[in-house]
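Summary of the model geometry
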Amino acid sequence: MENMKKLIYLDNAATTKTAPEVVDAMLPYFTEKFGNPSSVYGFASGNKEVISEQRDVIAGVLGAKSNEIYFTAGGSESDNWALKAAAEAYADKGNHIITTKIEHHAILHTAEYLEKRGFEVTYLNVDEEGKISLKELESAIRPTTILISVMFANNEIGTIQPIKEVGEIAHERGILFHTDAVQAFGQIPIHVDECHIDMLSASGHKLNGPKGIGFLYIRKGVKIRSFVHGGAQERKRRAGTENVPGIVGLGAAVKRAASTMEERMEKESRLRDYLIGRVMEVIPYCRLNGHKTDRLPNNANFSFRFVEGESLLIMLDGKGICASSGSACTSGSLDPSHVLLAIGLPHEIAHGSLRLTLSDETTKEEIDYVVDSLKEIVGTLRDMSPLYEDFLSGIANNK
């Protein structure tokens with residue numbers, strides 16, 4: 001495969017391509033069926049019905065009821081709503097929240113915001129594969145604990161948490177349980193009743209839907225107040241004229257994801273394992289981050305010693321490969337990923353990390369090209385590294 005002839009997109013955890021059938025479903029709601037769903041005349045009120053239909057689709061996939069699905073602008077808003085509104089609504093019961101050290105920043109920054117307002121937050125540790133300890137969770141619970149928020153699957157290292165067991169622990173103690181399922185929804189099966197989930201966040205653009213649309217599942221009976229104040233939309237819980245094209249696109253994407261999930265999981269898992277096997281075989285001093293088996297079907301995350309993540313990304317980009325780093329350098333921070341530090345990686349190794357996330361369109365030929373490119377790039381970067389030179393000298397001297 002010649003350089004730059006074709007873009008190889010392996011950053012599907014960041015965002016996905018909107019599927020053609022999703023775009024087709026949305027288009028009429030921009031031009032022909034553009035009415036405000038809150039208007040009383042027939043031309044517009046038909047859109048209210050269309051919104052209800054999408055709610056039904058999403059609820060069906062989760063095993064939820066339609067009136068438990070609330071549309072939002074995406075995962076970050078859903079996470080903010082779940083934590084802030086639950087904290088406010090249950091403040092008379094207690095002020096303690098439990099989450100994990102590897103959550104998305106939409107959870108971590110919201111938790112920090114709540115700490116400044118008098119709430120106490122426990123951040124659970126994870127093991128070297130990124131899993132929480134259920135024992136540690138149980139021992140963290142206090143009489144004042146009102147909410148447990150544990151992500152379904154991690155966005156960086158792909159590790160899937162024991163969500164069903166977490167839900168059982170929360171349910172037995174009468175504590176609300178929220179899960180950020182932004183990376184998991186549409187990728188792996190989720191049933192809210194089986195897992196005792198009270199609230200769940202999801203986002204459209206992670207499953208071949210449009211950006212700027214998501215939802216928060218709120219179990220009936222959970223005492224959550226409005227997050228956006230104004231009109232009476234979303235059963236008076238989330239004001240603002242509904243994003244009808246986005247909601248239609250989300251519904252179409254969810255329908256598509258549910259109908260193809262089984263074959264996608266099988267195909268992506270097989271290709272992911274092939275990718276992991278080849279990288280580990282051809283590139284020395286490399287480690288796989290995340291759980292070996294309990295991980296998202298499309299996620300592979302590696303750390304390469306004696307390599308800096310940002311240089312790796314720039315050189316991959318030069319070969320037409322889109323990926324992301326475990327390092328936050330690209331966002332202007334010199335600190336390595338909080339997730340990689342939480343699983344125990346030292347700073348210098350965490351900085352040399354790479355996340356590759358596949359789609360159902362990824363091919364074996366593309367994987368081979370990426371691995372060959374990676375081998376060459378890592379070799380070039382190591383040749384420039386005095387640390388690598390010292391390391392090799394140390395090995396030679398010890399022989």
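Relevant structure appears above.
Residues numbered from 1 in each chain as written. Predicted model: local features only at pLDDT ≥ 70, side-chain atom pairs only at ≥ 80, totals over all residues. Heavy atoms only, no water.

Side note on the nonpolar core
L62, I148, F185, I197, L200 and F215 are the most contacted members of the largest nonpolar core, which has 63 residues in total. The residues touching I148, leaving out its near neighbours within four places in the chain, are I98, L137, I141, V166, A170, I175, L176, F177 and H178. (Core = buried A, V, L, I, M, F, W, Y, C linked by side-chain atoms within 4.5 Å. Buried < 20%, exposed > 50% of the residue type's maximum accessible area, 1.4 Å probe, protein only. Contact = heavy atoms within 4.5 Å.)

Considering the sheet that holds strand β5 (residues 145-149)
One open sheet holds the 7 strands; their spatial order is β2-β8-β7-β6-β5-β3-β4, and the pairing between them is mixed. Taken across any chain shown, the strands that pair with only one partner, and hence form the sheet edges, are β2 (69-72) and β4 (120-124). Adjacent strand axes in the sheet meet at a mean angle of 20° when their direction is disregarded. Direction of pairing for strand β7 (residues 199-203) relative to strand β8 (residues 214-218): antiparallel, over a ladder of 5 bridges. What sits directly across from S201, in β8, is L216. Here helix α3 (residues 42-62) sits on the sheet and contacts β2, β7 and β8; the angle it forms with β2, its principal contact strand, is near 115°. Packed onto the sheet, helix α5 (residues 105-115) meets β3 (96-100), β4, β5 and β6 (176-180) and runs at close to 150° relative to β4. (Pairing = 2+ DSSP bridges. Helix = DSSP H or I, 4+ residues; strand = E, 2+ residues; numbered from the N terminus. Axes fitted to C-alpha atoms, helices over the stretch in contact; angles between N-to-C directions.)

Topic: the packing of helix α9 (residues 244-282) against helix α13 (residues 364-383)
Helix packing geometry: the angle between the two helix axes and the distance between the axes. Contact pair α9 / α13: the axes reach a minimum separation of 10 Å and the direction vectors enclose 25°. On the basis of their axis angle, the class for α9 and α13 is roughly parallel. In terms of crossing hand, the pair formed by α9 and α13 is right-handed. The segment α9 lies against α13, with L271, Y274, L275, R278, V279 and V282 engaging K364, I367, D368, V371, D372, L374 and K375. Considering only residue class, the contact of α9 with α13 consists of 8 nonpolar, no polar and 5 charged. (Parallel < 35°, antiparallel > 145°, perpendicular 65-115°, else oblique. Left-handed = near helix turned anticlockwise from the far one by under 90°. Nonpolar A, V, L, I, M, F, W, Y, C, P; charged D, E, K, R; others polar.)

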